[in-house]
Amino acid sequence: MMSADLSRILDCAQVDGTVVTTDQDLNDLLKYLGDPTWQQAITTEDINLLTTYATSIIKNYMDGHSLGYAELARRMGLSAGRISQILSGNEKLTPRSLATLARALEAHAPEPQTNAREQNQSNNNLQHSNTIIAAQQLTRPTQASIRVVDKALAILPARNRSRYQEEFGAELYALAESKASRREQLAHALRIYYRAWSLRRVLKQPSTGDEATQ
Amino acid sequence: MSRGAEPRMTLPTQLVLRAMIAEPTRQMYGLEIGHAAGLASGTIHPILARLEACGWLESEWEDLDPHQAGRPRRRYYRLTDDGITYATRALQRVRTPAPPLAARLIPGVANGCA
């Protein structure tokens, strides 16, 4: 279903506990989005999964390269508000719109300094949010990570959901308590999401599901 | 997968088992196991479910009132007695390097008498 390439991208390199999306990660994502075999084989679930992942990778990349919504919007010929909406994860994207979005990032500006006004306008800007979160002494998991884990739970067989809801939830709380950044929490949730299909396969095997419902 | 069948010894599975065998009586929850195994967090649940289905691992809820604590209970995993035996054996087997090609092609080389 998912290629090893995408899996690698989504497991983003972790440097000093910070998830980093590199140029290579982005190029791999672009290659993947442009692959016609993937576009033909994709299911609705794949699109949901990929949307979550791709928007996360792209946001991460924008953050790492100080590329603001305004600049990305300019390249795509859309408004900054629309970009923010697309990257909020609330919108189901088609492979084509994801590819367009990714292409807009291909040649990032050499000096992509966003000004303070853009930063303030970008409510979803991760760097901006991280500053706020750090000040708030985060102890509860972020809403984004909870939402992604909820999506992962929906992939699992119904009878196993309550167990994993609690198990995954406890891990998110532990991460939040250990002061994991917003991005680390999201990356953790995304990995759970990505592996939910494998977990589902194991749980669907005879004799497995029973003990996993307890 | 039926109980008692051996799981596929993929590299992540080996890492999880090695981490758990290092402290066979210790109960660990998912994040701790992933950390001990050197795997990215959030990636090990399919492995744990598979090992549990094989009877190599058992798990139980943390003894905690989630309402009082304000957070969900952790799920703690531990190797079963069977798990310790079979996992040790399986890990030794995958660790054993293949004999040199020559030893397999030319009888006698392996005994040093070719």
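Scroll up to find the structure this text is about.
Cut-offs and rules
Residues numbered from 1 in each chain as written. Chains lettered and ligands numbered in written order. Predicted model: local features only at pLDDT ≥ 70, side-chain atom pairs only at ≥ 80, totals over all residues. Heavy atoms only, no water. Helix = DSSP H or I, 4+ residues; strand = E, 2+ residues; numbered from the N terminus. Buried < 20%, exposed > 50% of the residue type's maximum accessible area, 1.4 Å probe, protein only. Contact = heavy atoms within 4.5 Å. Areas by Shrake-Rupley, 256 points an atom, 1.4 Å probe, with all protein chains shown as cover. Pairing = 2+ DSSP bridges. Buried area = accessible area lost by both parts, 1.4 Å probe. Salt bridge = Lys/Arg side-chain N within 4 Å of Asp/Glu carboxyl O. Polar contact = N/O pair within 3.5 Å; in protein donor to acceptor, adjacent residues only side chain to side chain. Axes fitted to C-alpha atoms, helices over the stretch in contact; angles between N-to-C directions. Core = buried A, V, L, I, M, F, W, Y, C linked by side-chain atoms within 4.5 Å.

Engineer: Please give an account of the overall build of chain B that cites residues and values.
Structural biologist: On a plain count of helices and strands, chain B comes out with six helices and three strands. Counted from the first residue to the last, chain B has its helices and strands arranged as α-β-α-α-β-α-β-α-α. A buried classification covers 42% of the 114 residues belonging to chain B. Looking at chain B alone, contacts between residues at least 24 apart form 58% of all its contacts between residues at least 6 apart. Put simply, chain B shows about 6300 Å² of open surface, and 52% of that area lies on carbon and sulfur atoms.

Engineer: Describe the overall build of chain A, and please don't skip the residues or the numbers.
Structural biologist: Counting its regular elements, chain A contains twelve helices and two strands. Going from the N terminus to the C terminus, chain A shows its helices and strands as α-β-β-α-α-α-α-α-α-α-α-α-α-α. Across the 214 residues that make up chain A, the buried fraction comes to 51%. Total accessible area computed for chain A in this model is approximately 10100 Å², and 48% of it derives from carbon and sulfur atoms.

Engineer: Can you explain the pairing of strand E2 (residues 57-61) of chain B? Please cite residues and give values.
Structural biologist: Taken residue by residue, a regular strand's side chains alternate between the two faces of the sheet. All names here are of chain B. Every second residue of E2 is oriented toward a common face, the buried set being Leu 57, Ser 59 and Trp 61 and the non-buried set Glu 58 and Glu 60. With five bridges connecting them, E2 and strand E3 (residues 75-79) associate as antiparallel partners. Looking at E3, one finds that Trp 61 is bridged to Arg 75.

Engineer: How would you sum up helix H3 (residues 45-53) of chain B? Please name residues and give values.
Structural biologist: Of all nine residues that make up H3 of chain B, eight are buried, and the element is covered over most of its length. Of all the residues in H3 of chain B, the buried ones are His 45, Pro 46, Ile 47, Leu 48, Ala 49, Leu 51, Glu 52 and Ala 53 of chain B. Contacts made by the buried residues of H3 of chain B are with helix H11 (161-177) and helix H12 (182-204) of chain A together with helix H1 (11-22), helix H2 (30-37), E2 and E3 of chain B. Just downstream of H3 of chain B, Gly 55 of chain B is the residue with a positive phi angle, here 85°.

Engineer: Lay out the interface of chain B and chain A in plain terms, naming residues and giving numbers.
Structural biologist: By convention, interface size is frequently given as the accessible area that disappears when the constituent parts associate. On the chain A side, the residues contacting the 26 residues of chain B number 27 residues. The junction of chain B with chain A conceals about 2300 Å² of combined surface from both sides, 56% of it contributed by carbon and sulfur atoms. At the junction of chain B with chain A, the criterion picks out two salt bridges. Where Glu 52 of chain B meets Arg 163 of chain A, a salt bridge forms, and the shortest distance between an N and an O atom there is 3.4 Å. At the boundary of chain B with chain A, the tally comes to nine residue pairs in polar contact (both at pLDDT 80 or more).

Engineer: Outline the sheet that holds strand E1 (residues 28-29) of chain B, supporting the account with residue identities and numerical values.
Structural biologist: Residue and element names in this part refer to chain B. One open sheet accounts for three strands, arranged E1-E3-E2; its pairing is antiparallel. Of all strands in the sheet, those bounded by a partner on one side alone are E1 and E2. Each of E1, E2 and E3 touches H1; the most contacted strand, E3, lies at about 80° to it. Packing of H3 onto the sheet brings it into contact with E2 and E3, and relative to E2 it is tilted by some 110°.

Engineer: Could you give an account of the pairing of E3 of chain B, naming the residues involved and the relevant values?
Structural biologist: Residues and elements named next belong to chain B. Counting buried positions along E3 yields four of five residues, so the element is predominantly enclosed. With two bridges connecting them, E1 and E3 associate as antiparallel partners. For Met 28, the partnering residue across the bridge sits in E3 and is Tyr 77.

Engineer: Help me get a handle on the nonpolar core, residues and values and all.
Structural biologist: Residues and elements named next belong to chain B. Counting residues in each nonpolar core, the largest one holds 21 residues, and the members touching the most others are Val 16, Leu 17, Met 20, Ile 33 and Trp 56. Elements that contribute at least two residues to this core include exactly H1, H2, H3, E3 and helix H5 (81-95). Residue contributions to this core peak at four residues, all from H1. Setting aside residues no more than four positions away along its own chain, Leu 17 makes contact with Met 9, Leu 51, Trp 56, Leu 79, Ala 87 and Leu 91.

Engineer: Pulling in residues and values, what's your account of the side chain of Glu 166 of chain A?
Structural biologist: By the secondary structure assignment, Glu 166 of chain A is in helix H11. Accessibility expressed as a relative area gives 16% for Glu 166 of chain A, which makes it buried. Among the polar contacts made by the side chain of Glu 166 of chain A, one reaches the side chain of Arg 73 of chain B at a distance of 2.8 Å. For Glu 166 of chain A, the contacting residues outside a window of four places in its chain are Trp 61, Pro 66, Pro 72 and Arg 73 of chain B.

Engineer: Lay out the pattern of salt bridges with the relevant residues and their values.
Structural biologist: The tally for this structure, following the rule as stated, stands at eight salt bridges over all chains. Glu 62 of chain B is the partner of Arg 71 of chain B in a salt bridge, and the nearest nitrogen-oxygen pair spans 2.9 Å. For Arg 71 of chain B, a relative accessible area of 13% translates into the label buried. Taking relative accessible area as the criterion, Glu 62 of chain B reaches 14% and is therefore assigned buried. Linked through salt bridges whose partners overlap, the residues forming this network are Arg 163 and Glu 167 of chain A together with Glu 52 of chain B.

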